[in-house]
Amino acid sequence: MTNSISSVIKNKQERKSVVRDPILLVEDKLENTLMLEALCDEFGIQYQSASNGEEALEMAKSNKYSFYIVDLMMPVMDGPTFIQRLKEFQPDATILVQTALDSTDTVIEVMKLGVFDYIIKPILPDQFHKALNKAVDYRFLKASEAAILEAESLKLRNQLEWLTYKETRRKAGDESWEKSSIHSLQTSLSQGSGIGAIISLLDMIKTEMKEDGDNYLINKSMMNLVIENQEITKNLLKGLTQLLEIINRNLEKKKIKASELVEKIKHSSEFILPYLEKKGLRLALPVLKKEVELDIEVDLFLLALEEVILNAYKYCASKTSLEVFTSINQGYFCVVVKNIVDERPYGGVDEKHESLVLQPFFRIHPPVESVSHLEKFGLGLGLTAVDQILRKHNGLFFIHNAKDHTGEQVRLCVMSELLLPIQ
């Protein structure tokens, strides 16, 4: 019973929200207008009034109304003319008309105007209330229908996009969308477009430099920045080339024990040690609990792991820990990197971004410039590279938010999971 009452209340509230805009009362006789306004007040409905069709038309052009109650016989511009003119720019307007005649012919003529319903004069409170309820229900159903159509349209569009994507993959063969988009960007950067920092610096140098015979005098600080950005850009291009090579090449896998890989992971993680103190971080390295055998290209896997550790460092909350640990799950050897993040401004990697962050060039947050020189894959390609490397190993890569319960208070953390199949 309680659920039924709650459902009715919710239903009424939803319908009431449909008439949050006022009603426009179009009536030339003052006594009738006052009566309609009193009825609206009685039922708690907002309203505005116009004394003829011409005045109502101007109001309708500059204001928003839930629906219209229109008298048919008015001076200056009568009801039928007003309705026709209104329908020119509001074809879906909900209109109730007032008429003193209730003959069948009159009702048919009224309905031909494209109105929703009619109210017979003299208007009684119950009749008025019933007509308004019908109009509100009608508006609610129209709004619901529009929402359903929009949802179905979105669903259909997504399905079509997926089918188009699959057809593109089928036609392209091994020319995956990752490979094509990365190659396009590599070509673009190689031709000199999009390197904003260097272009801006060169523009500044061009403005500031002075001639000295056959030479130019250039500000040393600006030139140093150009050289620095040149190295970053060369590194980005190198990363693009490297990622394309990873996608194209066949792996040179070798069998290795998990204990050996863990020792290599410890050594490989040392690159981040000089930067931990800047953020007051502690690095926890893995301890193997069970020996298994893997078949991997070790250096390539470690490259992926270093990218994940660097990504975790960039967004790790100050004075927390950066943890690397291993586990075995469903036939996979899992290497997990966990970092605590602040809910603001970062908020980690929420569910809607879990697949997006693996796509080329996608970033949730701006790059962290303090460690940009460490990035082997810039331009938002780091996690794309990790995903590609794990796929090459018939493995899996996931990155997602989780809750850390190990401290005094529950904190938001990001889990980056690299899963290798056990032999």
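For the structure, see preceding data.
Quantities reported herein were computed from a predicted structural model and do not represent experimental measurements.

Thresholds, definitions, all that
- Residues numbered from 1 in each chain as written.
- Predicted model: local features only at pLDDT ≥ 70, side-chain atom pairs only at ≥ 80, totals over all residues.
- Heavy atoms only, no water.
- Patch = residues over 30% accessible without salt bridge, like charges linked within 9 Å, V, L, I, M, F, W, Y side chains within 5 Å.
- Areas by Shrake-Rupley, 256 points an atom, 1.4 Å probe, with all protein chains shown as cover.
- Salt bridge = Lys/Arg side-chain N within 4 Å of Asp/Glu carboxyl O.
- Helix = DSSP H or I, 4+ residues; strand = E, 2+ residues; numbered from the N terminus.
- Phe/Tyr/Trp six-rings, centres within 6.5 Å; stacked < 30°, edge-to-face > 60°.
- Lys NZ or Arg CZ within 6 Å of the ring centre and 35° of its normal.
- Buried < 20%, exposed > 50% of the residue type's maximum accessible area, 1.4 Å probe, protein only.
- Pairing = 2+ DSSP bridges.
- Axes fitted to C-alpha atoms, helices over the stretch in contact; angles between N-to-C directions.
- Contact = heavy atoms within 4.5 Å.
- 1 Å grid on protein atoms, 1.4 Å probe; cavity = no way out; pocket = protein on both sides within 12 Å on 5 of 7 lines; lining within 4 Å.
- Points joined across faces, edges and corners; volume = space filled by probe spheres on them.
- Nonpolar A, V, L, I, M, F, W, Y, C, P; charged D, E, K, R; others polar.
- Core = buried A, V, L, I, M, F, W, Y, C linked by side-chain atoms within 4.5 Å.

Novice: Looking at this structure, I do not really get a nonpolar patch on the surface. What am I missing?
Specialist: Judged by side-chain polarity, Tyr-216, Ile-218, Met-223 and Ile-227 come together as a nonpolar surface patch covering roughly 360 Å² of accessible area. Note on placement: Met-223 falls in helix H9 (residues 220-248).

Novice: So what exactly am I meant to see when it comes to the packing of aromatic side chains here?
Specialist: Aromatic rings considered in pairs are described by the distance between their centres and by the relative angle of their planes. Here the structure, examined in full by the defined rule, presents three aromatic pairs. Here the aromatic cluster, defined as three or more aromatic residues joined through ring pairs, consists of Tyr-65, Tyr-68 and Phe-82. Against the face of Tyr-313 rests Lys-279, its NZ or CZ located 5.0 Å from the ring centre.

Novice: Could you clarify how one ought to interpret the side chain of Asn-32 in this entry?
Specialist: With respect to the element layout, Asn-32 can be found in helix H2 (residues 30-42). Since its relative accessible area comes to 19%, Asn-32 is described here as buried.

Novice: I'm lost on the sheet that holds strand E13 (residues 396-404) in this one. Help?
Specialist: Where strands meet in a sheet, backbone hydrogen bonds hold them as pairs that are either parallel or antiparallel. Spatially, five strands are ordered E9-E11-E12-E14-E13 in an open sheet, and the strand pairing comes out mixed. With one partner strand each, in any of the chains shown, strand E9 (282-284) and E13 form the two edges of the open sheet. Across the sheet, the mean angle separating the axes of adjacent strands is 20° when strand polarity is ignored. Relative to strand E11 (residues 321-329), E9 is paired through three bridges, and the arrangement is parallel. Paired with Arg-282 across the bridge in E11 is Ser-321. Strand contacts of helix H12 (residues 298-315): E11, strand E12 (332-340), E13 and strand E14 (411-421), with the helix running at about 20° to E12, the strand carrying the most contacts.

Novice: What am I meant to see in empty space enclosed by the protein here?
Specialist: Within this structure, the stated rule accounts for two cavities of 30 Å³ or more. One number sums up the size of the second largest cavity: a volume of about 50 Å³. If you trace the second largest cavity, you find it lined by Phe-271, Leu-303, Glu-306, Glu-307, Leu-310, Leu-374, Lys-376 and Phe-377. In the lining of the second largest cavity, the residues fall into five nonpolar, no polar and three charged.

Novice: Explanation requested: the nonpolar core in the structure shown.
Specialist: One recurring pattern in soluble globular proteins is that nonpolar side chains are buried together. If you look at the biggest cluster of nonpolar residues, it comprises 56 residues, and the most contacted ones within it are Leu-261, Phe-301, Phe-397 and Leu-418. Top element by residues in this core is H12. It accounts for 13 residues. When neighbours within four sequence positions are excluded, Phe-397 is seen to be in contact with Val-308, Leu-358, Leu-383, Val-386, Asp-387, Leu-390, Ser-416, Glu-417 and Leu-418. The next biggest cluster of nonpolar side chains, apart from the first, holds 20 residues, and it includes Ala-50, Leu-57, Met-59 and Tyr-65.

All we've got here are geometric facts, nothing functional implied.
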